[in-house]
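Notes for the structure review
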Amino acid sequence: MFDSELDKDTGAMRRRRFLVVAASAFGGAMLWSLRKPHTLEASANAPAETPKDVTVVQFSDDGKKLKTVHVPKIVKTEDEWKKQLSPNAFDITRHADTEFAYSGQYWNLHDKGLYRCICCDNALFSSETKFDSGTGWPSFWEPIAKENVTEITDKSLGMSRTAVSCTLCDAHLGHVFDDGPKPTGLRYCMNSASLKFIKA
Ligand SMILES: [Zn+2]
């Protein structure tokens, strides 16, 4: 009698425990499904469906042009970017911050090589087009492929400037100005923290 009562209790407890586990799993799934579209919307300013395709040109580490590809844009949550990047690189690439002049690691670098996106490795600039701008930021007169960077009007800080971002992952890289050297007359003024240098 006593034993069978105990069995009943244990059975009930087991059932309750199962319900609790099932409910929290369901809750977790609900949270995830609510959270994902929200962060997508916040980061890409686009509908929550699959990320749109973009066209970029791939390069080998020694700077050779490989092929033009049509691939889905890289979309990650704020938390995922935060885990992957240094706090400085996160603020600059994901929230369009700017590093202090002369503070970055590449403004005075003259080595031959390739500059990739710190977030997604997309090839961005070649040392062949780097020049001393005297600004304290790494400066280039041309991106390695026009497809690989995206330029948009930036009206922040009471100025109208052209912001430059990575086409593949939307990382903010810097700005482009029309006071650069020949042959383009452009000055891509980049943040070192947005870049990853691959020595040739
Ligand atoms: Zn990128």
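I will try to describe carefully the structure that is included in this document. Computed from a predicted structure; not experimentally measured.

Reading guide: rules and limits
Residues numbered from 1 in each chain as written. Predicted model: local features only at pLDDT ≥ 70, side-chain atom pairs only at ≥ 80, totals over all residues. Heavy atoms only, no water. Salt bridge = Lys/Arg side-chain N within 4 Å of Asp/Glu carboxyl O. Helix = DSSP H or I, 4+ residues; strand = E, 2+ residues; numbered from the N terminus. Buried < 20%, exposed > 50% of the residue type's maximum accessible area, 1.4 Å probe, protein only. Donors = N, O, S within 2.8 Å, 3.2 Å for Na, K, Ca; no water. Tetrahedral: all angles 85-135°; square planar, octahedral: opposite > 155°, others 65-115°. Polar contact = N/O pair within 3.5 Å; in protein donor to acceptor, adjacent residues only side chain to side chain. Pairing = 2+ DSSP bridges. Axes fitted to C-alpha atoms, helices over the stretch in contact; angles between N-to-C directions.

1. Some remarks on the pattern of salt bridges
- Summed over the entire model, instances satisfying the criterion amount to eight salt bridges.
- The partner of Asp-170 in a salt bridge is Lys-73, with the nearest N and O atoms 2.8 Å apart. Placement of Asp-170 in the loop between β8 (161-166) and β9 (172-177) and of Lys-73 in the loop between β2 (65-72) and α2 (78-84) is noted, with a sequence separation of 97 residues between them.
- Between Glu-147 and Lys-146 there is a salt bridge whose closest N-O contact spans 3.8 Å.
- Judged by relative accessible area, which is 67%, Lys-146 ranks as exposed.

2. Some details on the coordination of the zinc ion
- Every protein donor of the zinc ion is listed here as Cys-117 (SG), Cys-120 (SG), Cys-166 (SG) and Cys-169 (SG), and their distances to the metal cover 2.3 Å.
- Angles of 100 to 115° at the metal separate the four donor atoms of the zinc ion, which places the site in the tetrahedral class.

3. Structural notes on the side chain of Thr-129
- Within the secondary structure layout, Thr-129 lies in the loop between β4 (123-126) and β5 (130-131).
- Relative accessible area serves as the criterion here: at 8%, Thr-129 is assigned to the buried category.
- At 3.1 Å, the side chain of Thr-129 forms a polar contact with the backbone oxygen of Glu-142.

4. Notes on the sheet that holds strand β3 (residues 113-117)
- Read from one edge of the open sheet, three strands run β4-β3-β11, paired in antiparallel fashion. Two strands lie at the open edges of the sheet, namely β4 and β11 (195-199), each paired on one side alone. Across this sheet, the average inter-strand angle for adjacent strands is 30°, counted without regard to direction.
- For β3 and β4, the ladder comprises three bridges, and the chain directions are antiparallel. Across the sheet, Leu-114 pairs through a bridge with Ser-126, a residue of β4.

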